[in-house]
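Structure assessment
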Amino acid sequence: MSTLALSLLKSCSIVILLILGARGLVWLINMMIIAPILDPLKKMQGPDGSLLQNHFREIMDPSVSPDTHENWVQSFGKTFRFHGFGKHDLRLFSTDLCVMSHILNSPIYEKPWQTRTLLSNLFGRGIFTMEGAEHKSLRRLIAPALSTHSIKAMTPVFFQKAEELRDKWDSLMSSPASVDDVKFSPPYSSPPSLADVVIDVAHWFSRATFDVMGLTGFDYHFHALQCESEEVYLAYRNMFNLADKDPGFRGLVKLYFPIIEKILPNEATRITKESQRVIREAGQQLIQSKKTAILAEKASAREITEKDILSLLIKSNLSSDVSTRISDPDILAQISTFLFAGSDSTALAMSWCIHLLSLHSDFQGRLRNELGSLSSCASTSSMSGYSAQSHAEAIDALPFLDAVVRETLRLCPPVHGTMRVAACDDNIPISSPIVLRNGTIIQAGETIPIRKGSYVHIPIEALNFSTDIWGEDARIFNPDRWFSLPHVARAPSHPGIANLATFSFGPHACPGWKFSILETKIFLATLIPYFFFEPAADIQKFNVILTRPYVYDQFEFGTRLPVKIGRVDL
């Protein structure tokens, strides 16, 4: 190469670097100085901080968030702003149900691209990563698989796995050497107990709900309750473990520069790729075999007998307009999404429920008495004329069981909070007055402006803990509140599914909420009559994608919820 050519190349490189540097400087000045001046949220009250101070811990750490949320609402009102990545990044926070209903029902507000990218990198293009018309179309496609009729057809699986878990716990109690090894730590001191052994209920419920989702999701046997060794189960479990870890600095940088994974792969990259390979190969075979079976049944005009979600999804997909059909990889992505959202979140609900009942023996006894009013189903297969669906309906109708489950979901929502971003400028209606920094009052019924690109925190926990909605005892476990809810906690004042923020609101609300509640009730109805539960350790919460339990001062051991368990004298 000639000297002239090298000189030109060097000059071009310098020009490109100068242009990129100039553009970066303009971007930085706009982000840090100009945009904040024009942000309407700067007029609102909220917690202050230094230039680059954020409020993420106060917002999302369950060890401090309940007190912080309550203090901020008392200081600034129901709707205020807080710092994202610094003083330049103002975000909206609100416990005003009118504000939340508007945001969660409006197509203007979407999940941030960072959240969608993170989820799609792990699970593919699942329903939680889609927005707009694509999300609406997929939601319509999925709806038949999660209808009340379809869920009732899945109840035999719920009972089967609940009884398998009951028998597993019973056998563990007969051989104490094989039960979970849980060390107690200060400040918890173990009181005198009639319980026989200690079991990590979080671990066991996670295995059981994975089995349930395997069978109801795509008619696949993980056998997780028996032995955690099945290849596809381990692949999914490895993926979920990665999803539960803090992405850290590398994870954040990777969102903006995905090429890092190819240039500098690490152990997480290797695990993700290998897990995705196992899941993809098994999923392709499963989808193809189910497609073949469904097409054969359609050709012979026979009724399609498969009741699992994958079969119903494929059937719905084949019946829809060709232009709206989704690809096989996207079908598999829905199952992976359901497995993550449906197994671990439901397992957490069950775990927290047992934990709360262990702390409140009076409520535990009342629930056991109510369940005793049902005819026993110790061995469903041996009962003549037994109907799993009719038994599930009877369980679902029990008022105190329903109150216990809802109260658990209120106090311990599996998702602590989520985020939306405004896709364009908007005016948000309010139902509670807002006092601006200059003293101006925006009255109920008026609106507050928000600009395109602004983030809104959806405070699920704060809404479930709000004393304005639930009363002064909002943070206390009290299932009886569900027999006389305050007016503001009832529909239509409260827009949430099952009168809770837990399942969200609007078109992005959890599509499997009925599935989760009924599964939880059936597991409790199977276990509570046979076992009593007592607290075994001081349990705290930590928040990643889901809000999980850990033993105080033993965070390094990860998710655990040990409970003392004993047999009920029948």
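Data block above holds the structure.
Read on for an overview of the structure. (Residues numbered from 1 in each chain as written. Predicted model: local features only at pLDDT ≥ 70, side-chain atom pairs only at ≥ 80, totals over all residues. Heavy atoms only, no water.)

Topic: the pattern of salt bridges
For the structure shown, the criterion picks out 30 salt bridges. In this structure, R437 and D48 form a salt bridge, with 3.6 Å as the shortest nitrogen-oxygen distance. In this pair, R437 is assigned in the loop between β7 (434-435) and β8 (441-442) and D48 in the loop between α1 (3-38) and α2 (56-60), connecting sequence segments 389 residues apart. One salt bridge in this structure joins E110 and R116, with 3.9 Å as the shortest N-O distance. On the accessibility criterion, E110 (24% relative accessible area) is partly exposed. (Salt bridge = Lys/Arg side-chain N within 4 Å of Asp/Glu carboxyl O. Helix = DSSP H or I, 4+ residues; strand = E, 2+ residues; numbered from the N terminus. Buried < 20%, exposed > 50% of the residue type's maximum accessible area, 1.4 Å probe, protein only.)

Thoughts on the packing of helix α8 (residues 201-218) against helix α14 (residues 328-359)
With their axes 8 Å apart at the nearest point, α8 and α14 run at an angle of 145 degrees to one another. The two elements α8 and α14 meet at a crossing, and its hand is right-handed. Residue-level inspection shows V201, A202, F205, S206, T209, F210, M213, G214, G217 and F218 of α8 in contact with α14, the latter providing I335, F338, L339, G342, S343, D344, T346, A347, M350, S351 and I354. Split by residue class, the contact of α8 with α14 holds twelve nonpolar, eight polar and one charged. (Axes fitted to C-alpha atoms, helices over the stretch in contact; angles between N-to-C directions. Left-handed = near helix turned anticlockwise from the far one by under 90°. Contact = heavy atoms within 4.5 Å. Nonpolar A, V, L, I, M, F, W, Y, C, P; charged D, E, K, R; others polar.)

Quick word on the sheet that holds strand β3 (residues 109-110)
Taken in spatial order, the five strands make up an open sheet running β1-β2-β10-β5-β3, and their pairing is mixed. Since the sheet does not close on itself, it has two edges, and those belong to β1 (79-83) and β3, each with one partner. Both β3 and strand β5 (residues 418-422) contribute to a ladder of two bridges, which runs antiparallel. Note that in β5 the partner of E110 across the bridge is V421. (Pairing = 2+ DSSP bridges.)

Some thoughts on the sheet that holds strand β14 (residues 562-567)
Strand pairing in a sheet relies on backbone hydrogen bonds. The paired strands run either parallel or antiparallel. Pairing is antiparallel in the open sheet, where three strands are placed in the order β4-β14-β11. Whereas interior strands pair on both sides, the edge strands pair on one side only; in this sheet they are β4 (197-200) and β11 (531-535). When the angles between neighbouring strand axes are averaged without regard to direction, this sheet yields 40 degrees. Summarising the sheet, β4 and β14 pair through four bridges and their orientation is antiparallel. The residue bridging D200 from the neighbouring strand is P562, located in β14. In this fold helix α7 (residues 148-174) packs onto β4, β11 and β14, with an angle of close to 85 degrees to the strand it touches most, β14.

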